[in-house]
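Each chain, letter by letter, is given below.
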Amino acid sequence: MAAVQVGVVKESAAGERRVALTPDALARLRDAGVEVIVESSAGASAWFPDEEYAQAGASIVETERLYSTADVLLCIDQPPAERLHSGQTVVGMLAPLLNPRRMAELAAKGVTAVSLDGLPRTLTRAQSMDALTSQSSVAGYRAVLVAANAFDRFFPLLITAAGTSKPATVLVLGAGVAGLQAVGTARRLGAVVRAYDVRPASKDEVRSLGAQFIELTSVAPGAGEGGYARALTDEEQAAQAAELAEHIAKHDIVITTAQVPGRRPPLMVTAGTIKSMRAGSVIVDMAASDLGGNVEISKPGETIVTNNGVTVIGAGNLPAAMPTSASAAYARNISTLLVHMLSDGQVAIDLDDEIQHGVVITHGGSVVHEATTKLLEGTP
Ligand code: NAD
């Protein structure tokens, strides 16, 4: 049987500079017997020129050819459905729970959709495929740089002939993958860092990075399913926000990262709390979304300066702002997953495999991913 042909898509979403496969990772796919074609200039905005893909053994093709001949398409965002055809497999971060109708459309077209964000993350052998972790890590690092750039003082303690400047104080709310990377990065810049999370395990992780952990008395710590945070009740959320307010007011920089899968991000920083912050303080809301974020007034991709001089930044697509590192990590994740799914050089869908059970969203003309099916049926 002919080798499976894998196509690398040039991303088309506004501001998206990442590419799903880098020349380094391409070599791994070729070792697995895969033929790779790359859409012309797919990696250019992440500084991977066509020549490097060609040297690694890929053919560079125009858009029409890519979509008409590739058996498998590697992407970050889903390419337009009208370009895809029956029998093709598309692998990316398809966010099926946010886009269940798009998944139904792919199923109806006979496209197999594979989404890295469905990966069972606690499975040890899936860790090298975990794009949520790799991209959150880039985002957490970048969020600190964004905050530092908007902050008009030094981060570290500086003792110079002209005097001493106090270190900046940074508070990270939500200490998961992104939050812990933000803690480490802010520490490396010399800030005094504190962090809070509702999951009990996060306390030791925060302390191991040399930051202080803030304990709240109003909300009992707790973890939910799969190692994620438990969803708080409305009363608990209000109590948490009220108790956090006094801590927030004492910090120069607040970086919020809190998410609960499948729900609106918890509101942690109210408009009232922002009024109590010092002029010159900076907030970066990494959970900012069209549904709302951790900060009452944040808007994704926008920067607001309040009347009392607080800069509130709604983070947009932070990994896309650091596309070389983000793409390199993503490419390792996606190529490892694809190799895992190959059998005799062909994509072999096996829904009994624990990893595939999580990531395969549509196959054989149907939506096969349980949580997406439930959303489409409107069942809880
Ligand atoms: P996430 O992006 O869903 O959430 C970010 C953080 O926000 C989490 O730490 C969460 O506990 C916290 N949070 C949510 N609601 C909160 C609230 N009201 N108050 C305070 N904090 C709140 O999470 P994530 O970063 O993707 O990872 C979450 C968990 O999954 C972590 O325990 C992480 O270690 C675990 N994980 C495990 C593996 C693995 O085992 N290989 C891989 C990745 C992540």
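Quantities reported herein were computed from a predicted structural model and do not represent experimental measurements. The written sequence of each chain sets the order in which its residues are numbered from 1. Thresholds applied to this predicted model are a pLDDT of at least 70 for local features of residues and 80 or more for the giving and counting of side-chain atom pairs; totals over whole chains, interfaces and linings are not thresholded and use all residues. Note: side-chain values were computed over all heavy atoms of the structure, leaving out hydrogens and water.

**A short note on the sheet that holds strand 10 (residues 192-196)**
Thought 1: Strand order in the open sheet formed by seven strands is 11-10-9-12-13-15-14, and the pairing between neighbours is mixed. The strands lining the two open edges of the sheet, one partner per strand, are strand 11 (212-213) and strand 14 (303-305).
Thought 2: Strands qualify as paired when DSSP identifies two bridges or more between them. Secondary structure is summarised from DSSP: a helix means a run of H or I of at least four residues, a strand means a run of E of at least two, and numbering begins at the N terminus for each. Judged from the three bridges that link them, strand 14 and strand 15 (residues 311-314) form a sheet pairing that is antiparallel. Pairing of V305 across the sheet is with T311, part of strand 15.
Thought 3: Note on definitions: a residue-residue contact is assigned when non-hydrogen atoms from the two residues lie within 4.5 Å. Fitting a line to C-alpha atoms yields each axis, with helices limited to the stretch in contact; the angle taken between N-to-C directions then spans 0 to 180 degrees. On top of the sheet, helix 5 (residues 131-150) reaches strand 12 (253-256), strand 13 (282-285) and strand 15; it is set at about 150 degrees to strand 13, its chief contact.

**Some remarks on the site of the ligand**
Thought 1: Of all residues adjacent to the ligand, which total 24 residues, the nearest are R121, Q127, V177, D197 and R199.
Thought 2: Within the backbone of R121, an N or O atom sits 2.8 Å from a nitrogen atom of the ligand.
Thought 3: Whenever two N or O atoms come within 3.5 Å, that pair is a polar contact, provided that in protein one can donate a hydrogen and the other can accept it, and provided that, for residues adjacent in sequence, both atoms are side-chain atoms. R199 places a side-chain nitrogen or oxygen 2.7 Å from an oxygen atom of the ligand.
Thought 4: Each residue receives one of three labels: charged for Asp, Glu, Lys and Arg, nonpolar for Ala, Val, Leu, Ile, Met, Phe, Trp, Tyr, Cys and Pro, and polar for the others, Gly being one of them. By residue class, the composition of the shell around the ligand is 11 nonpolar, nine polar and four charged. Think of it this way: one heavy atom of a residue within 4 Å of a molecule or strand is enough to make that residue near it.

**Here we look at the environment of L216**
Thought 1: By secondary structure assignment, the location of L216 is in the loop between strand 11 and helix 8 (234-249).
Thought 2: According to the relative accessible area criterion, L216 is buried, its value standing at 10%.
Thought 3: Expressed as a C-alpha distance, the spacing of L216 and L244, which sit 28 residues apart in the sequence, is 7.8 Å.
Thought 4: In this structure, L216 is in contact with Y196, Q240, E243, L244 and H247, ignoring residues within four places of it in sequence. Burial here depends on accessible area, computed with a 1.4 Å probe over protein chains only, as a share of the maximum for the residue type. Under 20% is buried, over 50% is exposed, and the range in between is partly exposed.

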